[in-house]
Each structure stands twice: as structure tokens, then as C-alpha cells.
Amino acid sequence: MFEAWHLRSEKVTEQDEALRLALRNLSDEQRGLFYKQYTTQLKDPDTYATLNWFFISGLHNFYLKEWLAGALDLLLMLIGCLLLFIIPLLGVALLILVSLIELPALFRSQIIVADYNNKLGWRLLKPLQNML
């Protein structure tokens, strides 16, 4: 949820380059296995950004398998919507709060998804490196 606030593009770019270098050390067969798994699990920044337009419901968090953050967003949205009918001012305040917390993720979708994909790459690469 707060990940969007602390990610640095330089660090993510360095991780991406390190992953590419590590992949060069694999055999062609291992690289093929890696990319077969990687491409099926790879996340698209545009899909993440589109889902983030509905940021109050937390769909973008579910897309990146951040179940707790997605459930929290969804719960806060539902509570906010319910409060709109009971205590309207509190409901609006809660929905605005969730929006403000999630707003950075909307503008930083490229770097957030690149970081996710890097972590995915390293997770898939580790077993292949152990085979060497």
C-alpha cells in the first residue's frame, strides 16, 4: 500500500540490469525455462494503472497479489460507502483518506510493476541458479 512512496527508479533499474546479467549466466535451456514461467506471470503496468483508476476498491493490489493491502482497501471502501448512509461526513472523509493513500500508486504504476516483475524474476531465477 505504501510501497509507491518509497520506491526509487534508479534502484529498480539497477535490479533489472542485475537480473539481465544473471540470466546471461544460464544455459539456453535454463533461460528458456525461466522465460516460459516469467512471461506467464509477468504483470503489465497499463493493466495495473487501469485497475488503479478504481483505487478505492483495491483492485490494483489484488492484481499484484498483495492480498492484505487489497482486502484493506476493499474493506475501507465498503465501510466508507456504508457510512455515507449513516454518517455521511465520516463516510466521505474515509473515502477521501483511502484515495489520498492510494493516489501515489496511480502515478507510479510503471515503477511499482517493474519492481514487482524484478522480484518475480529473481524468485524464478533462484532455483535455476541452484541447478548450476
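Just so we're clear, the structure is a prediction, and the values are computed from it rather than from any experiment.

Rules and cut-offs
- For every chain, the first residue of the written sequence is number 1, and numbering continues from 1 onward in sequence order.
- Restriction of local features to residues with pLDDT of at least 70 applies here, the model being predicted, together with a cutoff of 80 or more for giving and counting side-chain atom pairs; totals for whole chains, interfaces and linings are based on all residues.
- No hydrogens and no water enter the side-chain calculation; it runs on all heavy atoms of the structure.
- Put simply, the grid is 1 Å and covers the protein atoms alone, a cavity is a trapped set of points that fit a 1.4 Å probe, a pocket is an open set with protein on both sides within 12 Å along at least five of seven lines, and lining residues have an atom within 4 Å of a point.
- Grid points are joined across faces, edges and corners, and a volume is the space filled by probe spheres set on the points.
- Helix and strand labels come from DSSP, where a helix needs a run of H or I of at least four residues and a strand needs a run of E of at least two; each type is numbered from the N terminus.
- Residue polarity is assigned by list, with Asp, Glu, Lys and Arg as charged and Ala, Val, Leu, Ile, Met, Phe, Trp, Tyr, Cys and Pro as nonpolar; anything else, Gly included, falls into the polar class.
- Partly exposed describes any residue whose relative accessible area lies between the buried limit of under 20% and the exposed limit of over 50%, with all areas from a 1.4 Å probe on protein chains only and scaled to the type maximum.
- As a rule, the C-alpha atoms of each element are fitted with a line to give its axis, helices using only the stretch in contact, and angles between N-to-C directions run from 0 to 180 degrees.
- Orientation is classified from the angle alone, with under 35 degrees giving roughly parallel, over 145 giving roughly antiparallel, 65 to 115 giving roughly perpendicular, and any other angle giving oblique.
- Should the near helix be turned anticlockwise from the far one by less than a right angle, the crossing is left-handed, and should it be turned clockwise, the crossing is right-handed.
- Any two residues having at least one pair of non-hydrogen atoms within 4.5 Å are treated as being in contact.
- By definition here, a salt bridge exists when the distance from a side-chain nitrogen of Lys or Arg to a carboxyl oxygen of Asp or Glu is within 4 Å.

Participant: Teacher, can you tell me more about the layout of surface pockets here?
Facilitator: Leftover empty space is mapped by rolling, across the atoms, a probe with the size of a water molecule. Volume-wise, the largest pocket comes out at about 200 Å³. The set of elements that each furnish at least two residues to the lining of the largest pocket consists of α2 (9-24), α3 (28-41) and α8 (109-130). Examining the composition of the lining of the largest pocket, we find that seven residues originate from one element, α2, more than from any other. Along the lines of polarity and charge, the residues of the lining of the largest pocket split into eight nonpolar, four polar and two charged.

Participant: Whenever I open this one, unusual backbone geometry confuses me. Can you help?
Facilitator: Excluding glycine, a negative phi dihedral is what most residues carry, and trans is how most peptide bonds are arranged. For Lys65, which is not a glycine, the phi torsion comes out positive at approximately 60°. Note on placement: Lys65 falls in the loop between α5 (59-63) and α6 (67-86). Judged by its relative accessible area of 44%, Lys65 falls in the partly exposed class.

Participant: Sorry if this is basic, but what is going on with the packing of helix α4 (residues 45-52) against α8 here?
Facilitator: What describes two packed helices is the angle between their axes and the distance between those same axes. Put simply, α4 and α8 touch, their axes get as near as 9 Å, and they point 125° apart. Between α4 and α8, the interaxial angle falls into the category oblique. Of the two elements, α4 crosses α8, and the hand of that crossing is right-handed. Residues Pro45, Asp46, Tyr48 and Ala49 of α4 pack against Ser109, Gln110, Ile112 and Val113 of α8.

Participant: Help me understand the side chain of Ser109, please; the structure alone is not making it clear to me.
Facilitator: Positionally, Ser109 belongs in helix α8. Apart from residues lying up to four places away in sequence, Ser109 is in contact with Pro45, Tyr48 and Ala49.

Participant: Would you mind showing me how to read the pattern of salt bridges here?
Facilitator: Pairs may arise between side chains of opposite charge once their charged atoms sit close together. Per the counting criterion, the structure on display carries three salt bridges. Between Asp16 and Arg20 there is a salt bridge, with its nearest N and O atoms 3.1 Å apart. On the criterion of helical spacing, the pair formed by Asp16 and Arg20 is a turn pair, its members being four residues apart in helix α2. Residue Asp16 is classed as partly exposed on the basis of its relative accessible area, which comes to 24%.

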